Amino acid sequence: MIHVERRGIRRYTCSGCGGRTGRVRSVRDRTWDDLPWAAHHVTLVYPQRRLVCRHCGVRTERVEFADPKARVTRRFRQLIGLDCQSMPTSHAAVRHGVSWGKARRAELTFLEHWDQTRRRQRPRHIGLDEIQRGKGQRFWTVLSDVVHGEVMGLRQDRTEETARTLLTTDLDAAQRGRIQAVCTDMHRPYLNAVTTELPKADVVFDKFHVLQHASAALDDVRRQEFFRAGAVMRTHGRGKRWLLLRRWKTVRGSKRRELQQLFAVNRRLFKAYVLREQLDRLWSYKTPPGVGNFLIAWVEALRWQRLPEMEKLGAFLVRHLEGIAAYCFHPVRFGVVESVNTTIKGVLRRARGMRDEHMLLLKLKWATAHPIRSARDLARFLDLQPVYSNR
Ligand SMILES: [Zn+2]
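*Asks:* Please provide a residue-by-residue account of the sheet that holds strand 7 (residues 125-132), values included.
*Replies:* The mixed open sheet is built from five strands, whose spatial order is 9-8-7-10-11. Each edge of the open sheet carries a strand with a single partner, namely strand 9 (150-156) and strand 11 (202-205). If you compare each strand with its neighbour and ignore which way they point, the axes differ by 25° on average. Relative to strand 10 (residues 181-184), strand 7 runs parallel, the two sharing four bridges. Across the sheet, residue His125 finds its bridge partner in strand 10, namely Ala181. Across the sheet, helix 4 (residues 160-169) lies against strand 7, strand 8 (139-145) and strand 9, angled at about 140° from strand 9, the strand it touches most.

Printed below as a string of C-alpha cells:
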C-alpha cells in the first residue's frame, strides 16, 4: 500500500465544476489500484475530501490520477484496457491482480475514452453487411467504413428499420453528406433503407456476394450431374465439392490434375466452372456498357448448353446489373470489405458469450481501426497525464 498525501496546497478542486475551495466537510480514506512496484501489486490510499462547493453543494474532491468513481488509477486503467485487446478479460484481470469486474470496467472506460477522443472519419464509401451470430437465424447488421477498413456501427437484426437506424443515428449529417457509394449485398431491406436515407449515394454490390451466388449455381449443377451420372463420373466426382467451388487460381499441383480429370469426364460441369470463372471480368470494365456487353455475351454463351441453373444466375445478374456496373464509377475496395469481415468474425469467435452490444461494438472498432502501429502510438495510450509538481 502506498499512502498518498498532499503537500503545500490547502485548497481542493471540486469534482463538479472544477473550482477550488478550502471548505472541507469530511475526509475518508479511499483506495485505488495502481501500476505494480517491483513484483508487488500496488494500492494507493488517499484521504479524499468531501467539499462544500459554492456552486455544486457537497461534492467529492477531484484527484488527478483517477476518474471520479473509478477504483483504479487512470494509467492502470489504460494498461488493463490495452491488455484486454490482446487477451481475454479474465486473463488480464489475473495478470494485474484485480477482479474480473474491475478489469471489465477498466476496459470499457478505456475503449470509450479512445472512441470519443479520436478523429471521426468521413468515408466516401461505406459498407452495409449482415453477419450471422451463433447458430440459427440470428443476424446482425454491420455498418463499416470501407475506405479505412473500420467498423462504424452494429445493430441486431437485418431489417430495413435496423439499416435505417444505423444510417441515421450512427452517422452524423456531415458524414452522410460525404457518402458516394454504399457497398452491400442484394438484400432488399438494405437497398430500401439506402434509397430512402441516402438518396444521393449509389449502391455497389459486393463482389464477394455476387460470386457466392455464382458458386451456389455451380454447386447446383454439380449436384444435378452427380445425380444422373454413371459409374465413371461417380468415382471421379466423389468428395470434390470443395475443390470444385475453389477458384482456379488458388488450386495447385495435383489438385489441378484432379479437377482436370473430373472435367474430362463431364463437359457440362467444365462449362459451368469456366462460366463462373469468367464472371471475374464483370469488375474489369471501365464503363457500364462494357459490363453490359460482357454480361450479354456471357448469357449468349449459355444458349445451347442446357444449364438451367446457370441461366437462372444469368437472369439474376441482368436484374442486378446496375449495382454491379456502379463499380465503374465507385471503385470500392472489395479487399478491404473482406478483411473487415474476417476481423469481425475473429472478434466474435473470441467474444463468444458477449451480450453487451455497446462493448462488442467498441471492441470491433478497436480491432478494425488497429490504432497501435508504432512505439509512439503505444506511448500515447499509456502516458496520459503530465507530471504535476506542487513545489
Ligand atoms: Zn463545484
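*Asks:* Please give an account of a positive patch on the surface that cites residues and values.
*Replies:* A cluster of basic residues, Arg119, Arg122, Arg124, Arg178 and Arg333, forms a positive patch on the protein surface. Mapped onto the fold, Arg178 is located in helix 5 (residues 173-178). For Arg178, a relative accessible area of 41% puts it in the partly exposed group.

*Asks:* Lay out the coordination of the zinc ion with the relevant residues and their values.
*Replies:* Protein coordination of the zinc ion is provided by Cys14 (SG), Cys17 (SG), Cys53 (SG) and Cys56 (SG), with donor distances spanning 2.1 to 2.3 Å. Read in sequence order, the donor residues coordinating the zinc ion give the pattern C-x2-C-x35-C-x2-C. A residue pair is termed long-range when its members are at least 10 positions apart, and Cys17 in the loop between strand 2 (12-13) and strand 3 (20-21) and Cys53 in strand 5 (residues 40-53) qualify at 36 residues. Relative accessible area serves as the criterion here: at 38%, Cys17 is assigned to the partly exposed category. Cys53 sits in the buried class, given a relative accessible area of 8%.

*Asks:* Residues and numbers for the packing of helix 12 (residues 288-301) against helix 13 (residues 308-319), please.
*Replies:* The angle between the axes and the distance between the axes are what describe a pair of packed helices. Contact geometry for helix 12 and helix 13: axes closest at 10 Å, N-to-C directions at 160°. Judged by the angle between their axes, helix 12 and helix 13 are roughly antiparallel. As for how helix 12 packs across helix 13, the hand of that crossing is left-handed. In this structure, helix 12 uses Leu295, Trp298 and Val299 to contact helix 13, whose residues at the interface are Met310, Leu313, Gly314, Leu317 and Val318. Of the residues belonging to the contact of helix 12 with helix 13, the class tally is seven nonpolar, one polar and no charged.

*Asks:* Mind laying out the packing of aromatic side chains, listing which residues take part and the relevant values?
*Replies:* A full pass over the atoms with the stated rule returns 13 aromatic pairs. Aromatic side chains Trp248 and Tyr273 sit 6.4 Å apart centroid to centroid with 80° between the ring planes, which places their arrangement in the edge-to-face category. Taken as a pair, Trp248 in the loop between helix 9 (241-245) and helix 10 (253-265) and Tyr273 in helix 11 (residues 267-278) lie far apart in primary sequence, 25 residues in all. Judged by its relative accessible area of 3%, Tyr273 falls in the buried class.

*Asks:* Which residues make up the nonpolar core, and what are the values?
*Replies:* The nonpolar side chains of a soluble globular protein tend to be buried with one another. Within the largest apolar cluster, 61 residues are counted, with the highest numbers of intra-cluster contacts made by Ile126, Trp298, Met310, Leu313 and Leu317. No other element matches the six residues that helix 7 (residues 207-227) contributes to this core. Listed in part, the 24 residues of the second largest apolar core include Ile131, Val336, Leu360 and Leu364.

*Asks:* Tell me about unusual backbone geometry, and name the residues and values.
*Replies:* At Asp157, a position not held by glycine, the phi torsion is positive, near 80°. Position of Asp157 among the secondary structure elements: in the loop between strand 9 and helix 4. The phi dihedral of His370 is positive, around 55°, even though this residue is not glycine. Here His370 is to be found in the loop between helix 16 (357-369) and helix 17 (375-382).

*Asks:* How would you sum up helix 13? Please name residues and give values.
*Replies:* Helix length check: helix 13, at 12 residues, gives a terminal C-alpha distance of 17 Å against a target of 16 Å (1.5 Å per residue), a fit within 8%. Buried residues of helix 13: Glu309, Met310, Leu313, Gly314, Phe316 and Leu317, and no others. An end-on view of helix 13 places all buried positions within 165° of arc, on one side of the element. Residues of helix 13 that are exposed and point more than 90 degrees away from the buried face comprise Lys312 and Arg319.

*Asks:* Got a sec to walk through the confidence of the model for the chain? Specific residues and values, please.
*Replies:* Chain-level statistics for the chain give a pLDDT mean of 88 and a share of 96% at 70 or above. Looking over the chain, one finds the lowest element-wise mean pLDDT in helix 8 (residues 231-237), namely 70, and the highest in strand 1 (residues 2-3), namely 95.

*Asks:* For the pattern of salt bridges, give the residues involved together with the corresponding values.
*Replies:* One pass over the full model with this rule turns up 29 salt bridges. Close ionic contact of Arg104 with Glu107 constitutes a salt bridge, the shortest N to O distance being 3.4 Å. Of this pair, Arg104 and Glu107 both sit in helix 3 (residues 100-117), three residues apart, which is roughly one turn of that helix. The two residues Arg104 and Glu107 agree in class, both being buried. We note a salt bridge from Arg247 to Asp280, for which the minimum N-O separation is 3.0 Å.

*Asks:* Give me the lowdown on the side chain of Thr162, citing residues and values where you can.
*Replies:* For Thr162, the location among the structural elements is in helix 4. Judged by relative accessible area, Thr162 falls into the buried class, the value being 8%. If sequence neighbours within four positions are ignored, Thr162 has contacts with Thr141, Arg155, Gln156 and Asp157.

Each value, and the rule that gives it
Residues numbered from 1 in each chain as written. Predicted model: local features only at pLDDT ≥ 70, side-chain atom pairs only at ≥ 80, totals over all residues. Heavy atoms only, no water. Pairing = 2+ DSSP bridges. Helix = DSSP H or I, 4+ residues; strand = E, 2+ residues; numbered from the N terminus. Axes fitted to C-alpha atoms, helices over the stretch in contact; angles between N-to-C directions. Contact = heavy atoms within 4.5 Å. Patch = residues over 30% accessible without salt bridge, like charges linked within 9 Å, V, L, I, M, F, W, Y side chains within 5 Å. Areas by Shrake-Rupley, 256 points an atom, 1.4 Å probe, with all protein chains shown as cover. Salt bridge = Lys/Arg side-chain N within 4 Å of Asp/Glu carboxyl O. Lys, Arg positive; Asp, Glu negative; His and termini not counted. Charge placed at Lys NZ, Arg CZ, Asp CG, Glu CD. Buried < 20%, exposed > 50% of the residue type's maximum accessible area, 1.4 Å probe, protein only. Donors = N, O, S within 2.8 Å, 3.2 Å for Na, K, Ca; no water. Parallel < 35°, antiparallel > 145°, perpendicular 65-115°, else oblique. Left-handed = near helix turned anticlockwise from the far one by under 90°. Nonpolar A, V, L, I, M, F, W, Y, C, P; charged D, E, K, R; others polar. Phe/Tyr/Trp six-rings, centres within 6.5 Å; stacked < 30°, edge-to-face > 60°. Core = buried A, V, L, I, M, F, W, Y, C linked by side-chain atoms within 4.5 Å. Expected span 1.5 Å × (residues − 1). Arc of directions from axis to C-beta. pLDDT = per-residue confidence, 0-100.

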